[in-house]
2 protein chains.
Amino acid sequence: MDKTDSPWVRTVRLVKPTLQDNTADADRLISALKTGLQTDAVHLDLDLLKKLPHLLRKWEYHVRCILVEDRYRWLVTGIAGVDDPRPFAGLAVDLGTTKVVLRLLDLSDGRILGESGFDNPQLAVGPDVLVRIHFAETPDGLQRLNELIITGLNQAVQDLCWSCRLEPRDIYTVTVAGNTAMTHLFMGLDPRWIIREPYIPVINKPGMLKAAELGIQVNAAARVFIFPNVGSYFGGDLIAGIFFAGLHELSDTAILVDVGTNAEVVVGNENWLIACAGAAGPALEGGMTKMGMMAGPGVVDRIAIHPDTHAFDLHTIDGGPPKGICGSGIIDLAAALFLSEMIDIRGKFVPAACGQHLKQIEGLAHLVIVPADKSATGSDLTISQADLDSLIRSKAAMYTILETITTSVGLTLKDLSSFFVAGTFGSFIDPRAAIAIGMLPDLPLDSYKPLGNSSLGGAALALTSVDFLKEIDGIRDRITYLELNVNQEFMNRFSAAKFLPHTNELLFQSVKKWI
Amino acid sequence: MDKTDSPWVRTVRLVKPTLQDNTADADRLISALKTGLQTDAVHLDLDLLKKLPHLLRKWEYHVRCILVEDRYRWLVTGIAGVDDPRPFAGLAVDLGTTKVVLRLLDLSDGRILGESGFDNPQLAVGPDVLVRIHFAETPDGLQRLNELIITGLNQAVQDLCWSCRLEPRDIYTVTVAGNTAMTHLFMGLDPRWIIREPYIPVINKPGMLKAAELGIQVNAAARVFIFPNVGSYFGGDLIAGIFFAGLHELSDTAILVDVGTNAEVVVGNENWLIACAGAAGPALEGGMTKMGMMAGPGVVDRIAIHPDTHAFDLHTIDGGPPKGICGSGIIDLAAALFLSEMIDIRGKFVPAACGQHLKQIEGLAHLVIVPADKSATGSDLTISQADLDSLIRSKAAMYTILETITTSVGLTLKDLSSFFVAGTFGSFIDPRAAIAIGMLPDLPLDSYKPLGNSSLGGAALALTSVDFLKEIDGIRDRITYLELNVNQEFMNRFSAAKFLPHTNELLFQSVKKWI
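Remember, predicted model here, so these are calculated numbers, not experimental data.

Rules and cut-offs
Residues numbered from 1 in each chain as written. Chains lettered and ligands numbered in written order. Predicted model: local features only at pLDDT ≥ 70, side-chain atom pairs only at ≥ 80, totals over all residues. Heavy atoms only, no water. Helix = DSSP H or I, 4+ residues; strand = E, 2+ residues; numbered from the N terminus. Rg over C-alpha atoms; globule rule 2.2 N^0.38 Å. Buried < 20%, exposed > 50% of the residue type's maximum accessible area, 1.4 Å probe, protein only. Contact = heavy atoms within 4.5 Å. Areas by Shrake-Rupley, 256 points an atom, 1.4 Å probe, with all protein chains shown as cover. Lys, Arg positive; Asp, Glu negative; His and termini not counted. Charge placed at Lys NZ, Arg CZ, Asp CG, Glu CD. Pairing = 2+ DSSP bridges. Axes fitted to C-alpha atoms, helices over the stretch in contact; angles between N-to-C directions. Buried area = accessible area lost by both parts, 1.4 Å probe. Nonpolar A, V, L, I, M, F, W, Y, C, P; charged D, E, K, R; others polar. pLDDT = per-residue confidence, 0-100. Parallel < 35°, antiparallel > 145°, perpendicular 65-115°, else oblique. Least-squares fit on C-alpha atoms with pLDDT ≥ 70 in both. Polar contact = N/O pair within 3.5 Å; in protein donor to acceptor, adjacent residues only side chain to side chain. Salt bridge = Lys/Arg side-chain N within 4 Å of Asp/Glu carboxyl O.

The next subject is the overall build of chain A. Helices and strands together make up the secondary structure of chain A, namely 16 helices and 22 strands. In terms of overall size, chain A behaves like a compact globule, its C-alpha atoms giving a radius of gyration of 26 Å where 515 residues would be expected to give roughly 24 Å. For chain A, the C-alpha atoms occupy an extent of roughly 100 × 50 × 50 Å along the three principal directions. Counting only residues that meet the buried cut, chain A has 60% of its 515 residues in that class. In chain A, once contacts between residues fewer than 6 apart in sequence are set aside, the share between residues at least 24 apart is 64%. Roughly 20,500 Å² of accessible area belongs to chain A as shown, and the carbon and sulfur atoms make up 52% of that amount. For chain A, the centre of its 45 positive side-chain charges and the centre of its 59 negative side-chain charges are spaced 3 Å apart.

Laid out in structure tokens, this is it:
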């Protein structure tokens, strides 16, 4: 094994065959590759066998091989001369309902070769999972949805490879993390039963498939690993997130939160994992307030309020004139308003403190954040009392979910050693602001860890991890899914969380110091 | 598990999914099938996954599955309703250089559904392995040879299925036993290095391939097992023979002989197996004497000579007028001539005993077996002194090979508990005659066991054997291949065996009693 080798990129120098040692080419190669692998099951595809005798002799039995670990066996997917400058590339795919993101890696050292993203072409059929599943039930609907994503991915792979001066055939392993419905459509599997009681996917652990079988145009022998799901509503994207965060390896209990339309939450450690999902409200995505929008140019992502003058200090993503506010900006805003006492503990505007910023529009109180002459839109950017009420319901729902899942295993939120926040939301949110409004628990600020695109991160990590399949299967199998019952206890917690930061101030002692 | 089930045909009644038990369809099925299997790795093909949700619900989660055991995992290749009358069929193939023989089985009980054979269409390219391998080196030659056999097999499968009122899609498992060159051409693998020193196949253990990948038109998910080889000159047909005879499971040491152009010999028991091959002479195939031919209608297969009158008592395969003599007939003839003292211990005609049967043709002594007026050809059927000399060289070579391999492991031929004789030759040969001329050792007659087409037998047995892959791999791995060195010792043995029955009469004490 060369110094630069990994378990899946292996340089081997075979003993040349003689009359006394007439082992066949494939078996000779397999025998050399077995050294150091956990199994003695190594498999070569027929495509590769057809080229093998020629290639081995051309390179005088000194070759570099690329392998991928399947369940209970290793697959040799490629072979090259030791001096071949082309890398063995791997492709990680975050298969989002809205956006698909690709990352190309050099499998020998994990180096990132390139990254790109494209809108999921299934958006043409419908924006959400439900619409697409219903479309899949129409004649040829499933096939059409499958073709859209496969064709789109093939095009994106070609473009990404081109920009990295590679070819799709240089890709030997692909990992795909997506929600249960998206991975079903990706495989061409009937998603009909995912949305019907009792919500049954076709498969939980798709494992390793041949790229060619899926229509993915990469190397002919390449394999595609599809992250497993726990059920219809807890998909491979979240499993990838847990894998990426390493939640399943921690000795102390930690939590992982992925905020989208739903808030998906996992609590656990090396011994157990418990998960739940609940509607935390679209306010957190920037989708609720009139001026709310997804993060982008001109979008306000940071807000401070001068304690004495109550002047707004805004930061936009690109520094340009503001045109709207994203989820993290809204949380910042609410926190700043609360800490400067411009809103009270119920989230209601305090007219005396808001002063001239406050306007009545159509009978509803609005706070002007950016006056028309300073905004990119030419209109006032405002937040209304209704927006704030909605935010408070969302943050209360979030906190209640966090409290419920933690309580269900006999812990309190204070017992959590790390708090991983996935997704775009996680990258932009200021934990201090989120704590100030009581959306996230009052943990030491350094326990908050943004993960970024953890679905992509997990998919990429799988490409360069030993025993990733066993590890990921293990995560899946260990997850206990908790159905959130909106019972009296839940409602009591929710009511208590509808104040800033919370009815029980003891839970948020840091906030007092920030006022 | 139903009473009628086997490990590979399994009837399972799944617990129907509920909100509390939302395991996916595939994982639910796999979980039920795992019970009783040696591994927990059960795999479903994508093709099958696409149909699974519909089929499970149609049959209310009560289904019959067909599985095949791969290395380290089981593959589900088919699923049917419990009341479906169509059998899960398996196909065994003896992939001969000259003839291909098929046997169709019901996998649930091993019942033979039908059998057929066809000439290997590669005969159009050339009669033997060597010619075909050279042809494979010409442009498109390999592809052409591959297409010939695959197309021929597909046609034969279709015809055989039709005659059994099945369809090719009812076939879920295929096993193929053939020599190393034939299996390479079957897989489309380059056979070039098989015939060039140091004689290296592309692969020793091809294992389990997808039928579709090979172009075999049976069920889309079906798998094809190709018997492994020990090297270029010891192929899967012989491994199948050992498997069929059960040589590898015997506590006493036994021998297996397959006589074709070469004599292939295996000696062994449950602990070890040693093999060799050598040219035993085409005389034994009926290919040498002028009147020699392959067994068929009008061909003499049994000959007796009246001890007093020296009249010939002939038996032809179909009872019709004789037109030639097959290998077993020639051995019978030689034995009868020797026992009636019409030839001496050197195999030379004794004119006094042969009398009027003896003629000089072109200066060479010929014995008339069938006069012109009684033969199917209108000419005398004769055997010449040269024919006899050739037979004696062949039988001496055979005995020498048997003696050499047995001696190499410190045994004598008398130590062998069973003597398996494979192939057509084995089915027709009279052990008493073969012993009389000293071709086979003087063992009790009931230790001789004809195997028939043991290559087909082994292929069929694999279809209905638990752990056949492990067992067959085990046979392959245990075989030690003995290079026959034609050294002084071999030549000494050969010289001693060139007498009838042998120079050392003590080795053939039974023969004296038969004279």
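Having seen the structure, we can now continue with the description.
Residue and element names in this part refer to chain A. Spatially, 6 strands are ordered β21-β20-β11-β12-β13-β22 in an open sheet, and the strand pairing comes out mixed. If you trace the sheet from one side to the other, it starts and ends with β21 (448-452) and β22 (479-481), each paired once. Ignoring strand direction, the axes of neighbouring strands in this sheet form an average angle of 20°. Bridge count for strand β12 (residues 262-268) against strand β13 (residues 273-279) is 7 bridges, and the pairing is antiparallel. By the bridge assignment, Val 265 is partnered in β13 with Cys 276.

For the rest of this paragraph, the subject is the environment of Ile171(A). Residue and element names in this part refer to chain A. Tracing the chain through its elements places Ile 171 in strand β8 (residues 171-178). Residue classification places Ile 171 among the buried positions, given a relative accessible area of 1%. It is 54 Å that separates the C-alpha atoms of Ile 171 and His 366, two residues lying 195 residues apart in sequence. Look past the residues within four positions of Ile 171 in its chain and what remains in contact with it is Ala 89, Gly 90, Leu 91, Leu 104, Val 157, Cys 161, Val 218, Asn 219 and Ala 222.

Attention now goes to the sheet that holds strand β18 (residues 364-370) of chain A. All names here are of chain A. Strand order across the open sheet formed by 3 strands is β17-β18-β19, with antiparallel pairing between neighbours. With one partner strand each, in any of the chains shown, β17 (358-361) and β19 (381-384) form the two edges of the open sheet. Taking the axes of each pair of neighbouring strands and ignoring which way they run, one obtains an average angle of 45° across the sheet. When β18 meets β19, the two strands line up antiparallel, connected through 4 bridges. Bridged to Val 370 within β19 is Leu 381.

Each partner contributes to the interface: chain A provides 43 residues, whereas chain B provides 43 residues. Regarding the contact of chain A and chain B, the summed buried area is about 3,500 Å², with carbon and sulfur atoms giving 62% of it. Listed by contribution, the elements that provide at least two residues to the side of chain A that touches chain B are α1 (25-34), α2 (46-58), β9 (207-210) and α6 (211-214) of chain A. Take the side of chain A that touches chain B: its biggest share by element is 5 residues, from α2(A). Grouping the amino acids of the side of chain A that touches chain B by side-chain chemistry returns 22 nonpolar, 8 polar and 13 charged.

Quick look at the confidence of the model for chain A now. Predicted confidence across chain A gives a mean pLDDT of 92, with 96% of residues reaching 70 or more. Across the interfaces of the predicted complex, the ipTM metric reaches 0.89, alongside a pTM of 0.90.

Residue and element names in this part refer to chain B. At a minimum axis distance of 9 Å, the contact between helix α1 (residues 25-34) and helix α2 (residues 46-58) shows a crossing angle of 75°. By the criterion of interaxial angle, the relationship of α1 to α2 is roughly perpendicular. In this structure, α1 contributes Asp 25, Ala 26 and Leu 29 to the contact, and α2 contributes Leu 49, Leu 52, Pro 53, Leu 56 and Arg 57. Across the contact of α1 with α2, the residue classes break down as 6 nonpolar, no polar and 2 charged.

A word on the pairing of strand β11 (residues 254-259) of chain A. All names here are of chain A. In terms of burial, β11 is largely enclosed, as 6 of its 6 residues are buried. Covered by surrounding structure in β11 are Ala 254, Leu 256 and Asp 258 together with Ile 255, Val 257 and Val 259, the residues of both alternating faces. Pairing between β11 and β12: 6 bridges, direction antiparallel. Along β12, the bridge assignment pairs Ile 255 with Val 267. Sheet analysis places β11 next to strand β20 (residues 419-422), joined by 4 bridges and oriented parallel. Considered in β20, the bridge of Asp 258 is made with Ala 422.

Let's shift gears to the relation of the copies chain A and chain B. The two copies are related by a screw operation: chain A maps onto chain B through 180° of rotation and 0.2 Å of translation along the axis, at an RMSD of 0.2 Å. One copy is carried onto the other by what is essentially a two-fold rotation axis. By C-alpha distance to the rotation axis, the residue of chain A lying nearest is Tyr72(A), at 3.1 Å. Most of the interface of chain A is mirrored in chain B, where 100% of its interface residues are also at the interface.

We now examine helix α13 (residues 454-463) of chain B. All names here are of chain B. The element α13 is extensively covered by neighbouring structure, given that 9 of its 10 residues are classed as buried. When we look at burial in α13, the residues that qualify are Ser 454, Ser 455, Leu 456, Gly 457, Gly 458, Ala 459, Ala 460, Ala 462 and Leu 463. Measuring from the backbone nitrogen of Ser 455 back to the side-chain oxygen at the start of α13 gives 3.3 Å, which picks out Asn 453 as the cap.

The next thing to look at is the pattern of salt bridges. A full pass over the atoms with the stated rule returns 48 salt bridges over all chains. We note a salt bridge from Asp45(A) to Arg223(A), for which the minimum N-O separation is 2.9 Å. Placement of Asp45(A) in the loop between β2 (42-44) and α2 and of Arg223(A) in strand β10 (residues 223-226) is noted, with a sequence separation of 178 residues between them. Take Asp45(A) and Arg223(A): they sit in the same class, and that class is buried. Measuring nitrogen to oxygen at the nearest pair gives 3.8 Å for the salt bridge that ties Arg192(B) to Asp190(B).

So, about the side chain of Asn154(B). With respect to the element layout, Asn154(B) can be found in helix α4 (residues 141-163). If near-sequence neighbours (up to four positions away) are discounted, Asn154(B) is found in contact with Gly215(B), Ile216(B) and Gln217(B).

Let us look at the environment of Val218(B). Residues and elements named next belong to chain B. With respect to the helices, strands and loops of the structure, Val 218 is situated in the loop between α6 (211-214) and β10 (223-226). Look at Val 218 and you get buried, because its relative accessible area is 12%. With sequence-adjacent residues up to four places away left out, Val 218 is seen in contact with Val 157, Pro 168, Arg 169, Ile 171, Val 174 and Ala 211.

What follows covers unusual backbone geometry. Excluding glycine, residues mostly have negative phi values, and the peptide bonds linking residues are mostly trans. Cis geometry is adopted by the peptide bond preceding Pro198(A), which originates at Glu197(A) and carries an omega value of 0°. The phi dihedral of Tyr72(B) is positive, around 70°, even though this residue is not glycine. Relative to the assigned elements, Tyr72(B) resides in the loop between β3 (62-70) and β4 (73-81). The phi torsion at Asp467(B) lies on the positive side, around 60°, for a residue other than glycine. Checked against the element boundaries, Asp467(B) lands in the loop between α13 and α14 (468-478).

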